[in-house]
Amino acid sequence: MTRTWFSFTIGLVLCVAALAHSADDGPGALRFIDTAFEHASPLWWEQDDDGLVRIHLMYDQERSSPNRANGHWLFRIEAEPGARLTLDMGPFANIWNHRLSGPIPEAKVAFVSDDGRSWRPVPTEPAEPHRLRFAVRMQGDSLYVARLEPYGLADLQRLKARIADHPLVRITAIGWTVQRRELEMIRVGRPDAPHRVLIRARAHPWEPGGNWVIEGLLDRLFSEESSAARYLDRYAVDIMPMANKDGVARGMTRFNLRGKDLNRNWDQPADGELAPENAALEKWLQTAIAAGHRPDLMLDFHNDAYGRLHISRPELDPDALAAYLARMEHLERVLRAHTWFTEGSTRSTFRNPGSIGEGLLARYGIAAVVHELNANWIAGLDDYPKAEHWKLYGHQFAAALYHYFDKD
Ligand SMILES: [Zn+2]
């Protein structure tokens with residue numbers, strides 16, 4: 001008797017629980033968040049009683065430092081078609097140069113896509129503490145959500161396959177990441193070109209802008225337009241397209257798998273154990289210089305909330321520093337004249353020791369600079385930072401480089 005009553009009670013409780021669950025589980029219910037694919041971000045999630053979807057991103061952290069970073073997100077929501085979901089995402093209490101950064105100064109926009117290929121911007125709002133919020137609407141039963149239009153290892157593979165047979169392209173393996181992913185240098189142009197430009201992208205995995213710029217630059221250099229031949233008469237480019245491949249594959253934000261920032265420690269020889277990605281580039285560079293092929297200009301593409309040229313000022317011989325600053329002024333001029341660039345440069349007191357711009361200038365005498373791309377807004381186009389705009393920048397950048405090497 002007691003047992004029957006007990007069973008009945010349990011049955012009733014389960015039944016009520018099931019009813020309550022199905023009431024919560026109506027249109028708008030979230031079924032799952034999928035992160036089991038390349039470049040997706042590590043996270044865990046939960047849904048509040050009021051339907052708010054809380055997404056908790058995992059920091060990546062720097063070795064021997066309090067620095068930690070969250071800034072990348074990429075995942076796929078499965079939910080009822082037509083549902084409107086509010087996502088509350090964090091934490092963004094990042095620590096940057098040993099100081100707690102403000103509440104997510106970077107993220108004013110996110111991107112969503114029904115198919116993972118065609119993306120549309122969604123504005124975000126700050127939420128407390130150190131979180132942000134934005135609403136998405138399910139058109140089908142699946143929706144990709146990303147910080148910026150993603151560019152992963154598969155995209156790089158497609159680019160390489162597209163250009164590999166071109167007579168002016170040479171793709172060379174230059175080393176390995178921590179997880180033994182092969183690093184490459186893509187050379188475009190003639191070996192005897194009078195000028196050489198070295199480009200690196202993706203030292204920081206959350207920052208895909210540089211990869212989209214490279215896509216546009218290569219499209220322009222391989223186009224049928226007669227100016228493309230003129231450009232390649234004047235310069236060749238060597239491109240390290242994805243320095244932090246491990247971080248990109250694993251959906252990380254800033255550091256490599258051994259906790260190193262690949263845009264630091266360039267004031268000294270690279271550590272092959274902790275930062276093999278930098279050691280590979282350094283070795284390539286030293287070999288190029290020994291062969292008489294020192295780059296005339298080096299650009300390291302990044303994303304941030306400002307989009308400026310980071311012109312760092314190491315303690316150099318005053319004449320050498322003045323010559324460098326004059327080249328950077330010239331670079332800014334040609335970018336403003338030939339591209340949508342309007343963001344300008346860091347102020348005259350700016351210095352970021354160990355960044356690649358400063359390191360390659362101080363150690364190898366190369367006019368090198370970190371080129372940020374604004375991840376929130378493109379002022380020169382009055383629009384969100386879409387991949388198509390960064391590809392356009394790459395097109396225009398091909399012309400800007402041509403004029404950078406004008407004899408004036
Ligand atoms: Zn960066």
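Quick caveat: nothing in here was measured; it's all calculated off a predicted structure.

1. Let's talk about the sheet that holds strand 1 (residues 30-34)
Pairing is antiparallel across the open sheet formed by five strands, whose spatial order is 1-6-14-10-11. Looking along the sheet, the strands with just one partner apiece sit at the ends: strand 1 and strand 11 (119-123). Taking each pair of neighbouring strands and ignoring which way they run, the sheet shows an average axis angle of 30°. With four bridges connecting them, strand 1 and strand 6 (residues 74-79) associate as antiparallel partners. Bridge assignment links Leu30 to a residue of strand 6, and that residue is Ala79.

2. Quick notes on the packing of helix 3 (residues 209-221) against helix 9 (residues 387-404)
Contact geometry of helix 3 with helix 9 gives a least axis separation of 6 Å together with a crossing angle of 50°. Looking at the two axes, helix 3 sits oblique to helix 9. Both helix 3 and helix 9 take part in a crossing whose hand is right-handed. Residues Gly209, Trp212, Val213, Glu215, Gly216, Leu217, Asp219, Arg220 and Leu221 of helix 3 lie in contact with helix 9, whose contacting residues are Ala387, Trp390, Lys391, Tyr393, Gly394, His395, Phe397 and Ala398. Partitioned by chemical class, the residues of the contact of helix 3 with helix 9 number nine nonpolar, four polar and four charged.

3. Quick notes on the side chain of Asn278
By the secondary structure assignment, Asn278 is in helix 6 (residues 276-290). A polar contact is formed between the side chain of Asn278 and the backbone oxygen of Leu262, at a distance of 3.3 Å. What Asn278 contacts, discounting residues up to four positions off in sequence, is Arg200, Asp261, Leu262, Arg264, Trp266 and Ala270.

4. A short note on the packing of helix 4 (residues 226-234) against helix 9
In the contact formed by helix 4 and helix 9, the axes pass within 10 Å of each other and the chain directions differ by 45°. The orientation of helix 4 relative to helix 9 falls into the category oblique. Considering the relative orientation of helix 4 and helix 9, their crossing is left-handed. Seen from helix 4, the contacting residues are Arg230, Tyr231 and Arg234; seen from helix 9, they are Ala398, Ala399 and Tyr402.

5. Some remarks on the packing of aromatic side chains
Under the definition given, this model contains 14 aromatic pairs. With a centroid separation of 6.5 Å and 65° between ring planes, the pair formed by Trp119 and Tyr144 is classed as edge-to-face. Residue Trp119 is located in strand 11, and its partner Tyr144 is located in strand 14 (residues 142-146); the two are separated by 25 residues in the primary sequence. For the ring pair Phe301 and Phe397, a centre distance of 5.7 Å and an interplane angle of 70° mean the geometry is edge-to-face. Of this pair, Phe301 sits in strand 19 (residues 297-304) while Phe397 is found in helix 9, placing the two residues 96 residues apart along the sequence. For the residue pair Phe301 and Phe397, the accessibility class agrees, reading buried in each case. Among the aromatic residues, ring-to-ring pairing joins Tyr231, Tyr235, Tyr402, Tyr404 and Phe405 into one connected group. Over the aromatic face of Trp176 sits the side chain of Arg180, whose NZ or CZ is 4.3 Å from the ring centroid. In this structure, Arg327 packs its charged tip against the face of Tyr404, placed 4.4 Å from the ring centre.

6. Remarks on the coordination of the zinc ion
Looking at the metal site, the zinc ion is ligated by His204 (ND1), Glu207 (OE), Glu207 (OE) and His302 (ND1), spaced 2.1 to 2.4 Å from it. If you look at the zinc ion, its four donor atoms make angles of 57 to 143° with each other, and the shape they trace is irregular. Spacing between the donor residues of the zinc ion along their common chain follows H-x2-E-x94-H. With His204 in the loop between strand 17 (195-201) and helix 3 and His302 in strand 19, this residue pair connects regions lying 98 residues apart in the sequence.

7. What to know about the domain arrangement of the protein chain
As far as domains go, the protein chain holds domain 1 (9-146) and domain 2 (153-404). Taking only C-alpha atoms, the centre of domain 1 and the centre of domain 2 are 32 Å apart. Summed over both sides, the interface between domain 1 and domain 2 buries roughly 2,000 Å², with carbon and sulfur atoms accounting for 58% of that surface. Counting every contact that joins domain 1 to domain 2 gives zero salt bridges. Counting across the interface, domain 1 meets domain 2 through 13 residue pairs in polar contact (both at pLDDT 80 or more). For the side of domain 1 that touches domain 2, the secondary structure elements donating two or more residues are strand 4 (60-61), strand 5 (68-69), strand 10 (109-113) and strand 11. Here the residues of the side of domain 1 that touches domain 2 are counted per class, giving 10 nonpolar, eight polar and seven charged.

8. Topic: the confidence of the model for the protein chain
Here the protein chain averages 92 in pLDDT, and 92% of its residues register 70 or above. Here residues 11-27 is a poorly scored stretch, pLDDT under 50, and it has two contacts once near neighbours within four places are set aside; other chains count.

9. Brief notes about unusual backbone geometry
Note the cis peptide between Gly90 and Pro91, where omega equals -5°. Counting through the fold element by element, Pro91 comes out in the loop between strand 7 (84-90) and strand 8 (95-96). Geometrically, the link from Glu128 to Pro129 is a cis peptide bond, its omega value of -20° lying close to zero. Its place among the elements puts Pro129 in the loop between strand 12 (125-127) and strand 13 (131-137). At Asn265, a position not held by glycine, the phi torsion is positive, near 70°. Relative to the assigned elements, Asn265 resides in the loop between helix 5 (245-249) and helix 6.

Basis of the calculations
- Residues numbered from 1 in each chain as written.
- Predicted model: local features only at pLDDT ≥ 70, side-chain atom pairs only at ≥ 80, totals over all residues.
- Heavy atoms only, no water.
- Pairing = 2+ DSSP bridges.
- Helix = DSSP H or I, 4+ residues; strand = E, 2+ residues; numbered from the N terminus.
- Axes fitted to C-alpha atoms, helices over the stretch in contact; angles between N-to-C directions.
- Parallel < 35°, antiparallel > 145°, perpendicular 65-115°, else oblique.
- Left-handed = near helix turned anticlockwise from the far one by under 90°.
- Contact = heavy atoms within 4.5 Å.
- Nonpolar A, V, L, I, M, F, W, Y, C, P; charged D, E, K, R; others polar.
- Polar contact = N/O pair within 3.5 Å; in protein donor to acceptor, adjacent residues only side chain to side chain.
- Phe/Tyr/Trp six-rings, centres within 6.5 Å; stacked < 30°, edge-to-face > 60°.
- Buried < 20%, exposed > 50% of the residue type's maximum accessible area, 1.4 Å probe, protein only.
- Lys NZ or Arg CZ within 6 Å of the ring centre and 35° of its normal.
- Donors = N, O, S within 2.8 Å, 3.2 Å for Na, K, Ca; no water.
- Tetrahedral: all angles 85-135°; square planar, octahedral: opposite > 155°, others 65-115°.
- Domains from an automatic or database assignment.
- Buried area = accessible area lost by both parts, 1.4 Å probe.
- Salt bridge = Lys/Arg side-chain N within 4 Å of Asp/Glu carboxyl O.
- pLDDT = per-residue confidence, 0-100.

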